[in-house]
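A look at the structure
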Amino acid sequence: MRIERAVLREVPLELKKPFRTSHGPVRRRRVLLLTLQGEGLEGWSECVAGVDPSYTAETVDTAWHVLTDFVLPRVVGHSVQGPEQVLRPVEWVRGHPMALAALEMAAWDLDARCAGVSLAAKLGGERTEVPVGISLGLSTSRAELLEAVGSALDEGYERVKLKIERGREHDILSAVRDRFPKATLWADANGAYTLADTGRLRALDALALGLLEQPLAHDDFLDHARLQKELETPVCLDESIRSARDTALALELGSCRVVNLKPARVGGHAESRRIHDLLRGSGTPLWCGGMLETGIGRAHNLALASLPGFSLPGDISASGRYWERDIVSPEHEVRSGTMCVPAGPGIGVAVDLERIEALTSRSAAYP
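1. Remarks on the sheet that holds strand β6 (residues 160–163)
What the seven strands build is an open sheet, ordered β5-β6-β7-β8-β9-β10-β11; its pairing is parallel. Either end of the sheet is taken by a strand with one partner, and the two such strands are β5 (134–136) and β11 (286–288). Note that β6 and strand β7 (residues 185–188) share four bridges and pair parallel. If you follow Leu162 over to β7, its bridge partner there is Ala187. Those strands touched by helix α5 (residues 169–179) are β6 and β7, and its axis lies near 155° from that of β6.

And the structure:
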């Protein structure tokens with residue numbers, strides 16, 4: 001497979017409503033879309049880096065800089081035996097996994113299209129549909145929160161994950177548990193706590209949560225291990241897991257009992273498969289996280305989540321959850337708590353190029 005051309009576009013998209021976490025509200029996404037061309041076909045991906053370095057050190061602008069100044073000029077024109085090799089010309093680049101993942105994941109889409117198979121099949125996926133849950137941001141009132149949870153459960157989502165913040169966690173979660181005693185509830189702290197909050201977090205054990213996601217700092221495996229020993233609730237690592245080596249370290253230390261895998265955070269599909277295989281071999285539950293993706297990123301996530309080791313519902317919500325209108329067709333929908341894995345070649349959805357070009361705020365092409 002020869003990479004003949006690459007086009008990077010920035011497309012600003014407004015969310016239906018702000019998504020609030022302990023880091024603050026997100027009202028819009030500056031989406032970076034990458035197209036790789038070769039063999040008369042196109043592969044698509046998106047870079048999920050945010051506008052600020054609150055989730056990771058990467059941002060939309062650092063990803064644009066790395067891709068345009070260092071990565072794409074060195075990759076275009078090369079032939080590779082498979083998508084696992086597409087990053088070899090830029091192996092010297094340190095960090096920037098989200099930028100590199102955009103290239104790697106577009107190469108997987110292109111390679112699957114060249115083979116005439118779905119991306120899910122190319123990755124080794126086995127399921128035609130995957131169970132999904134939903135992530136709800138911080139609400140401004142209890143009534144708003146309970147309404148949002150009730151709507152999500154009515155729509156068929158298999159579990160609801162709630163963002164929490166220090167000082168409000170018990171009020172938020174106990175209100176939902178009282179109203180929905182049988183619902184599967186998860187909590188996501190986005191690293192807002194320290195080990196000094198162990199007592200506060202231990203009090204959540206009484207609420208029968210499925211997991212507590214990333215309670216402590218993103219780079220602290222040792223304190224997560226200490227915290228997990230004090231809790232009945234399984235700790236789930238998200239931001240901490242950046243590679244298969246991080247995953248092995250977390251398992252060795254006992255830092256968690258569940259892992260949230262986001263392919264862009266770990267550098268793409270190849271590293272995701274290595275992490276998947278490691279966790280499956282250890283019997284550790286795994287699920288696929290989301291980053292407010294468009295339909296392009298969601299299609300990639302659905303393909304990955306079709307692998308057999310993804311045993312818990314992922315954060316792969318319907319297109320209509322975040323966007324008035326997605327940039328793919330058909331839009332992704334939730335039916336009876338599951339989403340279909342696209343079966344067409346590559347990511348399996350049609351990209352609305354006319355709309356993308358109309359919305360594009362900047363672009364760069366190689367050559």
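That was the structure; now back to the text.
2. What to know about the nonpolar core
With 75 residues, the main nonpolar core has Leu33, Val149, Val160, Leu162, Leu173 and Val176 as its most contacted residues. With six residues, the top contributor of residues to this core is helix α10 (residues 295–305). Sequence-distant contacts of Leu33, that is, excluding residues within four places in its chain, are made with Val7, Leu8, Arg9, Val11, Trp44, Ser45, Glu46, Ile296, Ile327 and Ile356. Leu8, Ala49, Val75 and Ala101 belong to the second largest nonpolar core, which has 38 residues in total.

3. Details of the packing of helix α1 (residues 60–75) against helix α2 (residues 97–115)
Closest axis-to-axis distance for the α1/α2 pair is 9 Å, and the angle between their directions is 45°. The angle between α1 and α2 falls in the class oblique. Here α1 runs over α2; the crossing is right-handed. Residue-level contacts link Ala63, Val66, Leu67, Val71, Leu72 and Val75 of α1 to Ala99, Leu100 and Leu103 of α2.

4. Examining the side chain of Ser317
Looking at where Ser317 falls in the secondary structure, it is placed in the loop between α10 and β12 (328–329). The exposure class assigned to Ser317 is buried, which follows from its relative accessible area of 1%. When residues no more than four places from it in sequence are discounted, the contact partners of Ser317 are Gly133, Ile134, Tyr157, Arg298, Tyr322 and Met339.

5. Quick look at α5
Of all the positions in α5, only Glu169, Ile172, Leu173, Ser174, Ala175, Val176 and Arg177 are classed as buried. Considering only its buried residues, α5 is in contact with α4 (142–154), β6, β7 and α6 (198–202).

6. Considering the packing of aromatic side chains
Summed over all chains, the structure comprises two aromatic pairs. Judged by centre distance (6.2 Å) and plane angle (85°), the rings of Phe70 and Trp92 are edge-to-face. Taken as a pair, Phe70 in helix α1 and Trp92 in the loop between α1 and α2 lie far apart in primary sequence, 22 residues in all. Aromatic side chains Trp186 and Trp287 sit 4.9 Å apart centroid to centroid with 55° between the ring planes, which places their arrangement in the tilted category. Taken together, the residues Trp186 in strand β7 and Trp287 in strand β11 connect sequence positions 101 residues apart. Of the two residues, Trp186 and Trp287, neither departs from the other in class, the shared state being buried.

7. Here's the deal with the pairing of β7
Side chains Leu185 and Ala187 project from β7 onto one buried face, and the interleaved Trp186 and Asp188 project onto a second face that is buried too. With α5 bridging β6 and its parallel neighbour β7, the resulting β-α-β unit is right-handed. The pairing of β7 with strand β8 (residues 212–213) spans two bridges and is classified as parallel. If you follow Ala187 over to β8, its bridge partner there is Leu212.

Scoring rules and cut-offs
- Residues numbered from 1 in each chain as written.
- Predicted model: local features only at pLDDT ≥ 70, side-chain atom pairs only at ≥ 80, totals over all residues.
- Heavy atoms only, no water.
- Pairing = 2+ DSSP bridges.
- Helix = DSSP H or I, 4+ residues; strand = E, 2+ residues; numbered from the N terminus.
- Contact = heavy atoms within 4.5 Å.
- Axes fitted to C-alpha atoms, helices over the stretch in contact; angles between N-to-C directions.
- Core = buried A, V, L, I, M, F, W, Y, C linked by side-chain atoms within 4.5 Å.
- Buried < 20%, exposed > 50% of the residue type's maximum accessible area, 1.4 Å probe, protein only.
- Parallel < 35°, antiparallel > 145°, perpendicular 65-115°, else oblique.
- Left-handed = near helix turned anticlockwise from the far one by under 90°.
- Phe/Tyr/Trp six-rings, centres within 6.5 Å; stacked < 30°, edge-to-face > 60°.
- Right-handed = clockwise from strand over helix to strand, strands pointing away.

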